[in-house]
Number of protein chains: 2
Amino acid sequence: MKVLLVEDDQFHASFLQDALAEALPDVTEIFHAADGAAGEEEARQSGIEAIVMDLQMDRRNGIEAARTIWAERPQSRILFWSNYADEAYLRGIAAIVPDDSAYGYILKTASRDRLKLALRAVLVEGQIMVDREIHRLQKRGTAPRTRLDDSEFAVLLDLALGLQDRLIAERRGMSLRTVQNRLLSLYEKLEVHSDLDERLTLNKRVRTLNRALATRTLNIETLDAAQRDLEAWLAGRM
Amino acid sequence: MKVLLVEDDQFHASFLQDALAEALPDVTEIFHAADGAAGEEEARQSGIEAIVMDLQMDRRNGIEAARTIWAERPQSRILFWSNYADEAYLRGIAAIVPDDSAYGYILKTASRDRLKLALRAVLVEGQIMVDREIHRLQKRGTAPRTRLDDSEFAVLLDLALGLQDRLIAERRGMSLRTVQNRLLSLYEKLEVHSDLDERLTLNKRVRTLNRALATRTLNIETLDAAQRDLEAWLAGRM
DNA sequence: AAATCCGTTGCGGAAACTCGCAACAGCTCT
DNA sequence: AGAGCTGTTGCGAGTTTCCGCAACGGATTT
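- Chain A carries the name Response regulator transcription factor in an unreviewed UniProt entry, which gives Sedimentitalea arenosa as its organism.

This is the structure:
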């Protein structure tokens, strides 16, 4: 069995390599890549189907790499291994995981035993395994009141990029007023006016981005990726 | 000699401990804290004057911890050890370092040898040592055209928190129009209109925050800290 | 001392944003 | 079928933001 590790932090990579050798004795070869682009290349080259993937990497992040890997070989098993329990990552993964492929999401703060368990479950057994810590995010207190639906999230991304209402409407195929309604519910759900002093009037748009970052609904890599999507859309528009 | 390590990532901490023992044989005791608050406490308790400090930590980040430590014992020697070369961190450190105390800033991607060198230089010799990689930031291409001055940076922080022009003016003691002038130069320096399609009209405020994050002029921890400052100011205002 | 430069400030208009009100369409429940 | 709910859309008013124009004051140069 061949396994690919995609991880840019040297310490984490060697720890991982260690745990992997310990947990999966039948691993014959361990490949290593230090960023998403190299990871894609390696997976393609060596025909690898079991991958441990860091999410936060410079040149190309784990989600983008996973997307192309899954596009080429949907049966690949990928265990995501990340520092943060960011909702942004979860949404990104949920959007790209093929129907019947195995994947997992585990935090770097998890114990060595938990990591080894996840390695076996996902890479060998082909199960789906999500760290409880992370799963908690998905339904924030069962209250759908604060949970963003997909169209709200899409508008949030566009807002975060700095698009104006009119352009968001065009891009997402909504009317101007509908976009504004989405914004209103974003303001509500992200508690844009109530989190600081009640009497303060803020710039709601900026505050929304600020709150989305603070609550880990968005993170900088997501913004980066969203910007690339936007550029592609812009290129196709004219 | 006693040294305190403040570092929340277990792998990094043990690597650091290793390198430290190797580089500084006359270290008698190594203390360890997993976040800024614990670090402050430990430094106070044990009367420590040589510290290696991670910047990005959950409960209380390295800069805040360093501020209180330096406030209590200005001669403390602190080597900051961070994943990222973010301008935000540099500004934070520059703002709090006492006149004649030793400090350093080195990246986690630096080689073991470089780390050991920095440990000796800062903690033992009391030198000031900044990773070249980081120093490059400080004067982005010698062109002060893109460099933000302090008052621009202050306005950027307020903008990022979502404050309106009027309130920024009040907080920073400027007229409304002056605040707007600062904003204009921020838009200019962060290339708010030219980085995407030239013809696109964007929401400049949001785009400014987006660009500041993308260029690592700001990061999420900085926003967090700025928010706490703001709350303190608000409390004192009424 | 005069000329020049640069940052600050006020004024005013165009554009964008927030949001209440109301009409409307599709749906679910009885 | 009718009542009620929910999401979409248009209109319009009040704010906020962006920014050109111009006046002013202090500092520097000639």
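Notes on the sheet that holds strand β4 (residues 77-82) of chain B
Two orientations exist for strands paired in a sheet by backbone hydrogen bonds: parallel and antiparallel.
Residue and element names in this part refer to chain B.
Alright, step 1. Across the sheet, 6 strands lie side by side as β2-β1-β3-β4-β5-β6; this open sheet has parallel pairing. Of all the strands in the sheet, the pair left with one neighbour each is β2 (29-33) and β6 (129-130).
Alright, step 2. Where strand β5 (residues 103-107) meets β6, 2 bridges bridge the pair, whose relative direction is parallel. The partner of Gly 104 across the bridge, within β6, is Met 129.
Alright, step 3. With respect to the sheet, helix α2 (residues 36-46) is in contact with β1 (2-6), β2 and β3 (50-54), its orientation differing from that of β1 by roughly 170°.

Observations regarding the protein's contact with DNA strand C
Alright, step 1. Contacts to DNA strand C come from 16 residues, most closely from Tyr187(A), Lys204(A), Thr178(B), Asn181(B) and Arg182(B).
Alright, step 2. What you see for DNA strand C is that sugar and phosphate hold 63% of its atoms within 4 Å of the protein.
Alright, step 3. In the model, a sugar or linking oxygen of DNA strand C is placed 3.1 Å from a nitrogen or oxygen of the Ser175(B) side chain.
Alright, step 4. Here a base nitrogen of DNA strand C sits 3.2 Å away from a polar atom, N or O, in the side chain of Arg177(B).
Alright, step 5. Mapped by element, the contributors of at least two residues to the surface near DNA strand C are α8 (165-172), α9 (176-189) and α10 (204-214) of chain A together with α9 (176-189) of chain B.
Alright, step 6. The biggest single contributor to the surface near DNA strand C is α9(A), with 5 residues.

As for the nonpolar core
Alright, step 1. In this structure, Leu156(A), Leu209(A), Leu218(A), Leu156(B), Leu209(B) and Leu218(B) are the most contacted members of the largest nonpolar core, which totals 64 residues.
Alright, step 2. If we ignore the near neighbours within four places in the chain, the residues touching Leu156(B) are Leu148(B), Leu186(B), Leu190(B), Thr208(B), Ala212(B), Thr217(B) and Leu218(B).
Alright, step 3. Counting residues in hydrophobic clusters, the runner-up holds 42 residues, among them Val3(A), Val52(A), Trp81(A) and Ala118(A).

What to know about the packing of aromatic side chains
Alright, step 1. Using the criterion set out here, one finds 9 aromatic pairs over all chains in the structure.
Alright, step 2. Ring plane angle 35° and centroid distance 4.1 Å describe the contact between Phe11(A) and Phe15(B), whose orientation is recorded as tilted. In this pair, Phe11(A) sits in helix α1 (residues 10-23) while Phe15(B) sits in helix α1 (residues 10-23), so the two residues belong to two different chains.
Alright, step 3. We classify Phe11(A) as buried; its relative accessible area is 10%.

Some points on the relation of the copies chain A and chain B
Alright, step 1. Superposition record for chain A on chain B: RMSD 0.1 Å, screw rotation 180°, translation along axis 0.0 Å. Given the turn and translation reported, the copies of this chain are related as if by a two-fold rotation axis. Within chain A, Val206(A) has its C-alpha nearest the rotation axis, a separation of 2.6 Å.
Alright, step 2. When the interface residues of chain A are mapped onto chain B, 100% of them are again interface residues, pointing to one common binding face.

Basis of the calculations
Sequence order as written defines the numbering, with residues in each chain counted from 1. As they are written, the chains are lettered A onward and the ligands numbered 1 onward, keeping that order. Where local features are concerned, this predicted model is filtered to residues with pLDDT of at least 70; where side-chain atom pairs are given and counted, the filter is 80 or more; whole-chain, interface and lining totals use all residues. The side-chain values count all of the structure's non-hydrogen atoms but skip hydrogen atoms and water molecules. Note on pairing: two strands pair once DSSP finds at least 2 bridges between them. What counts as a helix is a DSSP run of H or I of at least four residues, what counts as a strand is a run of E of at least two, and both are numbered from the N terminus. Whether two residues touch is decided by their heavy atoms; if any such pair falls within 4.5 Å, the residues are in contact. With axes taken as lines fitted to C-alpha atoms, and helix axes fitted only over the stretch in contact, angles between N-to-C directions fall between 0 and 180 degrees. Summary of the distance rule: residues count as near a molecule or strand when at least one heavy atom falls within 4 Å of that molecule or strand. Pairs of N or O atoms are called polar contacts if they sit within 3.5 Å, as long as, within protein, a hydrogen donor faces a hydrogen acceptor (for residues adjacent in sequence, only side-chain-to-side-chain pairs). The nonpolar core is taken to be a set of buried Ala, Val, Leu, Ile, Met, Phe, Trp, Tyr and Cys residues, with the residues joined through side-chain atoms within 4.5 Å. Burial classes follow relative accessibility: with a 1.4 Å probe on protein chains only, a residue under 20% of its type's maximum area counts as buried, one over 50% as exposed, and anything between as partly exposed. Here the aromatic set is Phe, Tyr and Trp, taking the six-membered ring for Trp, and pairing holds for ring centres within 6.5 Å; pairs whose planes are under 30 degrees apart are stacked, those over 60 apart are edge-to-face, and all others are tilted. Least squares is used to superpose the copies, and the fit set is the C-alpha atoms of residues whose pLDDT is at least 70 in both copies.

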